[in-house]
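# Notes for the structure review
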Amino acid sequence: MKKKPQLVIIDTDYDYLKNIEENVIRRFSRMAEVQFITDAGYVDAWFSEQQSIDLLVVDDENYGEQLTGQMIHHIFLMTDQLDSDRTYPEHVDVFLKNTDSQELLDRMENILENSRDTETAATPGEPGEEKISEDERRDTQIIGVYSPIGGCGKSMICQALARKLKMLDQQVLVIGSDQTQSLSAFFREERYASDDLAEKLKHPDEDTYWTILQNIVKEEVSYLLPFEKTPRAMGLKDEQLKVLLDILTDKKDFDYIILDLGTEMTCGRQEIMNRARAMILVTEPNEIASRKMSRLLRNTGALPTCECILLSNEYHSDGMKIPNNTVFGSILTHTNWVDAEEDPVFYNVALRLTDQQ
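Presented here is an overview of the structure given in this document.

The rules behind each value
Residues numbered from 1 in each chain as written. Predicted model: local features only at pLDDT ≥ 70, side-chain atom pairs only at ≥ 80, totals over all residues. Heavy atoms only, no water. 1 Å grid on protein atoms, 1.4 Å probe; cavity = no way out; pocket = protein on both sides within 12 Å on 5 of 7 lines; lining within 4 Å. Points joined across faces, edges and corners; volume = space filled by probe spheres on them. Helix = DSSP H or I, 4+ residues; strand = E, 2+ residues; numbered from the N terminus. Nonpolar A, V, L, I, M, F, W, Y, C, P; charged D, E, K, R; others polar. Pairing = 2+ DSSP bridges. Axes fitted to C-alpha atoms, helices over the stretch in contact; angles between N-to-C directions. Contact = heavy atoms within 4.5 Å. Parallel < 35°, antiparallel > 145°, perpendicular 65-115°, else oblique. Left-handed = near helix turned anticlockwise from the far one by under 90°. Core = buried A, V, L, I, M, F, W, Y, C linked by side-chain atoms within 4.5 Å. Buried < 20%, exposed > 50% of the residue type's maximum accessible area, 1.4 Å probe, protein only. Expected span 1.5 Å × (residues − 1). Polar contact = N/O pair within 3.5 Å; in protein donor to acceptor, adjacent residues only side chain to side chain.

A few words now on empty space enclosed by the protein. Within this structure, the stated rule accounts for 1 cavity of 30 Å³ or more. Estimated volume of the largest cavity: approximately 100 Å³. In terms of lining residues, the largest cavity is bounded by 13 residues, among which E33, K166, Q171, K218 and S222 are the most central. Where the lining of the largest cavity is concerned, the elements lending two or more residues are β2 (33-37) and α4 (154-167). Of the residues that constitute the lining of the largest cavity, the class distribution is 5 nonpolar, 3 polar and 5 charged.

Have a look at this one:
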């Protein structure tokens, strides 16, 4: 699978980005890796490492020395006022910020198409990626990961499954919805969602989707930033999680949303589970875990009507053997979570999910 062109947009003017961000994501997220950077303090940190960017859209304030030495093929410099006495390198195009957004998007698409064509030419015989219109987008599928057993690897499973779906060219977003937000332990940086996001989910308005986008980090796997406090302390309940899912599934920016559902089983959580395309249930080969899972499986009213895929994590085993015919697959004992994420069982689950689309 060939690498997608990299589109990076840097601007600390939230009002300006707000006008173009949704259109950029909806138009280019399938043909390019899109990243928005709006935090001035993050710009220097991000450019402290070598970056390779096909198209950088940047404002005057951030067009500076930090770009020196970076591998940037093309730059769109967005400015409030043109300076006729200032000269720029050949790969820099200058636009006024009040340029018609449709014209700007068309120019961006031209650059990204050229970048993609160059990569395609380097791999003869590989079919190009087709454009997908909004009407042709697949519905966003929700995949829940749940267990009544604490510490059984639910968060690791979310990450591992997301990576495998990404390998199958799926757009994936992972969201941690448990009170400990343990999924964030697998993120590279300790960054938190804004308080604005919590308020927008409690009181949705026309800006809520834009606020959600501001709190999604696009890396190898996209993820929603965790809150610094627990969701309960932020006044967030299952109702707000449903608002979040309603907006994201309506926009269809992702093929899959993977939810780390934790261990709670409330009425609201059951309603969320019933919206899932499939549920990943996690157990362990030990006596206590087996009792908890058996009790859940007997309580058919607690389980959603969707497909349930049972995985066994052998990390906490007391020697018990779970019959192969009761589980989809087992995660073998690994010395660390990095190796565990590469367990073949996750690729098999990803194939099972995509085969049934």
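Strand order in the open sheet formed by 5 strands is β2-β1-β4-β6-β7, and the pairing between neighbours is parallel. Of all strands in the sheet, those with a lone pairing partner are β2 and β7 (92-96), marking the two edges. Across the sheet, the mean angle separating the axes of adjacent strands is 15° when strand polarity is ignored. When strand β4 (residues 55-59) meets strand β6 (residues 75-79), the two strands line up parallel, connected through 4 bridges.

For the rest of this paragraph, the subject is the side chain of S312. Checked against the element boundaries, S312 lands in strand β14 (residues 307-313). Not counting residues within four places of it along the chain, the set of residues in contact with S312 comprises T283, E284, P285, I322, V327, G329, S330 and I331.

With that settled, the discussion passes to the packing of α4 against helix α11 (residues 344-355). Close contact between α4 and α11 brings their axes to 9 Å; oriented N to C, the two are set at 60°. Between α4 and α11, the angle falls in the class oblique. Considering only the axes of α4 and α11, their crossing is right-handed. Contacts between α4 and α11 involve M156, I157, A160, L161, K164 and L165 from the first element and F346, Y347, V349, A350, L353 and T354 from the second. The class makeup of the residues in the contact of α4 with α11 is 10 nonpolar, 1 polar and 1 charged.

All right, on to the sheet that holds strand β9 (residues 172-176) then. Spatially, 8 strands are ordered β10-β11-β9-β12-β8-β13-β14-β15 in an open sheet, and the strand pairing comes out mixed. In this open sheet, the two edge strands, each paired with only one partner strand, are β10 (216-217) and β15 (329-331). In the sheet, β14 pairs with β15 via 3 bridges, with the strands oriented parallel. Looking across to β15, one finds that N313 is bridged to I331. Strands β8 (141-146), β9, β10, β11 (222-224) and β12 (256-260) of the sheet are contacted by helix α7 (residues 238-251), whose axis makes an angle of about 165° with β12.

A separate point is the nonpolar core. Nonpolar side chains in soluble globular proteins tend to end up buried together. Within the largest apolar cluster, 95 residues are counted, with the highest numbers of intra-cluster contacts made by L7, V24, M108 and I258. Here this core takes 7 residues from α4, the largest share from any one element. Beyond its immediate stretch of four places on either side in the chain, L7 contacts V24, F28, E33, V34, Q35, L55, V57, M108 and L112.

Turning our eyes to something else, we now look at the pairing of β4. The buried fraction of β4 amounts to 5 of the 5 residues, a majority that puts the element mostly inside the structure. Of the two faces of β4, the one carrying L55, V57 and D59 and the one carrying L56 and V58 are both buried. Note that strand β1 (residues 6-10) and β4 share 4 bridges and pair parallel. Looking at the pairing, I9 lines up with V57 of β4.

This next bit is on α4. Counting along an α-helix, one turn takes 3.6 residues, and residues three or four places apart therefore face a common direction. Helix length check: α4, at 14 residues, gives a terminal C-alpha distance of 20 Å against a target of 20 Å (1.5 Å per residue), a fit within 8%. Burial analysis of α4 places 12 of its 14 residues in the buried class, which makes it a mostly covered element. All of the buried residues along α4 are K154, S155, M156, I157, C158, Q159, A160, L161, A162, K164, L165 and K166. D169, located one to two residues past α4, shows a positive phi value of around 65°.

Considering the arrangement of structural elements, one finds T180 in the loop between β9 and α5 (195-202). In this structure the C-alpha to C-alpha distance between T180 and P344, which are 164 residues apart in sequence, comes to 28 Å. For T180, the side chain forms a polar contact with the side chain of D178, separated by 2.7 Å.

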